[in-house]
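Read off the chains here:
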Amino acid sequence: MALAASVRGATSPNPWVGAVLETVDGRIFEGATAPPGGAHAEVAALAAAGDAAAGATLWTTLEPCAHFGRTGPCADAIIEARVARVVVGVEDPDPNVAGRGIARLRAAGIRVEVGIEAIAVSGQLAPYIKHRTTGRPWVLLKLAATLDGRTAAPDGSSQWITGSEARADAHRLRAESDAVIVGAGTVRADDPSLTVRLADDHPLHGRDPLRVVLGYAPPDARVHPAVELHGELDDVLAELARRGVVQAMVEGGSTVAGNFHRAGLVDQYVLYLAPALFGGDDGRALFAGAGAATIDDVWRGRIVSIEQLGGDLRVELEPAAVAG
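Each residue is numbered by its place in its chain's sequence as written, counting from 1. At least 70 in pLDDT is required for a residue's local features to be given in this predicted model, at least 80 for side-chain atom pairs to be given and counted, and no such filter applies to totals for whole chains, interfaces and linings, which use all residues. The side-chain figures draw on all heavy atoms in the structure; neither hydrogens nor water molecules are used.

Draft legend 1. Summary view of the pattern of salt bridges. Basic side-chain nitrogens of Lys or Arg form a salt bridge, by our definition, when they fall within 4 Å of a carboxyl oxygen of Asp or Glu. As enumerated under the stated definition, the model contains 15 salt bridges in all. The salt bridge involving R136 is made with D234; its shortest N-O contact spans 3.1 Å. Taken together, the residues span a long stretch of sequence, with R136 in the loop between helix 6 (126-134) and strand 6 (138-146) and D234 in helix 9 (residues 233-242) at a distance of 98 residues. One salt bridge in this structure joins E316 and R314, with 3.3 Å as the shortest N-O distance. A single burial state applies to E316 and to R314, both of which are buried. Residues joined in a network through salt bridges with shared partners are D169, R172, E176, R314 and E316. Secondary structure counts use DSSP, requiring at least four H or I residues in a row for a helix and at least two E residues in a row for a strand, with both numbered from the N terminus. Relative accessibility thresholds used throughout: buried, under 20% of the residue-type maximum; exposed, over 50%; partly exposed, between the two (1.4 Å probe, protein chains only).

This is how it looks when you write it as structure tokens:
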């Protein structure tokens, strides 16, 4: 899982997978999925081990593939290397695999165990699993606010509510996403570039997502080159999935954020809270539009994690439908 995490953001639309091979004499060889067109994690580990792979045990977070894509089937490579045992985190939901890799290994006489750390691996691969099973990308909604829930002053100014550590973390999320979505109103008001600005030595430095504007962006806006999409949000997500977007990050503004939230389309909420107070009710709220009319209608989810980043708090939530 640590190997898989190390290539998160570099493998899409392929899954981010890690593999570890232990030889019969106890030597360890590792592999992680390369960018599209490169070796999958299992093949990378086999290549590192060479002839020592014979009789070894191979652990992999995701079922080895059994079809020809940009590369050959990992299952065939495992069989040819004469691996004795394969331990799989979860089956691959991709219709091209869906148990076929495991079946091929077993038919070749290889012992296969499935479901080790399945809950943790499924969480790590949640965006990929959703993309392959629903035809829609994973939707991450990023929000930044003061402790009294305001995202901007009445005059619209908002830079910077949070500190540099929180902003760097938000750029990491942007780099891990295949697309970033904003409304045309935000483009006109703030003229964001939506590029990834991380340290030069960061593994995701220089990886900018597809920039998606809901509506029309001015020709001279910094967001260009961008894709301009219109229509129902679910149709927008379907189009992005067709373009290979596994994870889409919604960055605003408050109207777009509120629309995604109220439509129940958000899979993951990341909220950065600054130790600041606007101190009134005239600052701009997280979501534009009408909210819950009664306490019974209040949206409730589950807090997944809370982390301090510099002087700010990073709070991650998931919808109640996902909780448990």
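Draft legend 2. Spatial organisation of the environment of F29. Mapping F29 onto the fold places it in strand 2 (residues 28-32). Residue F29 is classed as buried on the basis of its relative accessible area of 17%. Remark: the alpha-carbon pair of F29 and A45, spanning 16 residues in sequence, is separated by 5.7 Å. It only takes one pair of heavy atoms within 4.5 Å for two residues to be counted as in contact. Discounting residues that sit within four places of it in the chain, F29 has contacts with A19, V20, L21, T23, A45, A48 and A49.

Draft legend 3. Structural context of the layout of surface pockets. Think of a 1 Å grid over the protein atoms and nothing else: a 1.4 Å probe that fits but is trapped marks a cavity, an open set flanked by protein within 12 Å on at least five of seven lines marks a pocket, and residues with an atom within 4 Å of a point count as lining. Grid points are joined across faces, edges and corners, and a volume is the space filled by probe spheres set on the points. Reported here for the second largest pocket is a volume of approximately 780 Å³. Taken together, 28 residues line the second largest pocket, and the ones lying closest to its centre are G123, Q124, W138, Q268 and E316. At the level of secondary structure, the elements contributing two or more residues to the lining of the second largest pocket comprise helix 5 (118-124), helix 6, strand 6, helix 7 (164-176), strand 14 (301-309) and strand 15 (312-319). Classes in brief: Ala, Val, Leu, Ile, Met, Phe, Trp, Tyr, Cys and Pro nonpolar; Asp, Glu, Lys and Arg charged; the others, Gly included, polar. Here the lining of the second largest pocket is built from residues that sort into 13 nonpolar, six polar and nine charged.

Draft legend 4. Seen up close, the pairing of strand 5 (residues 111-114). Two strands are said to pair when DSSP picks up at least two bridges between them. Bridge count between strand 4 (residues 85-90) and strand 5: four bridges; the pairing is parallel. Across the sheet, V88 pairs through a bridge with V114, a residue of strand 5. Following the chain from strand 4 across helix 4 (residues 100-107) to the adjacent parallel strand 5, one finds a crossover that is right-handed. Handedness of a crossover is defined as follows: orient the strands so they point away from the viewer, and if the path from the first strand over the helix to the second runs clockwise, the crossover is right-handed.

That is the geometry; function is a separate question.
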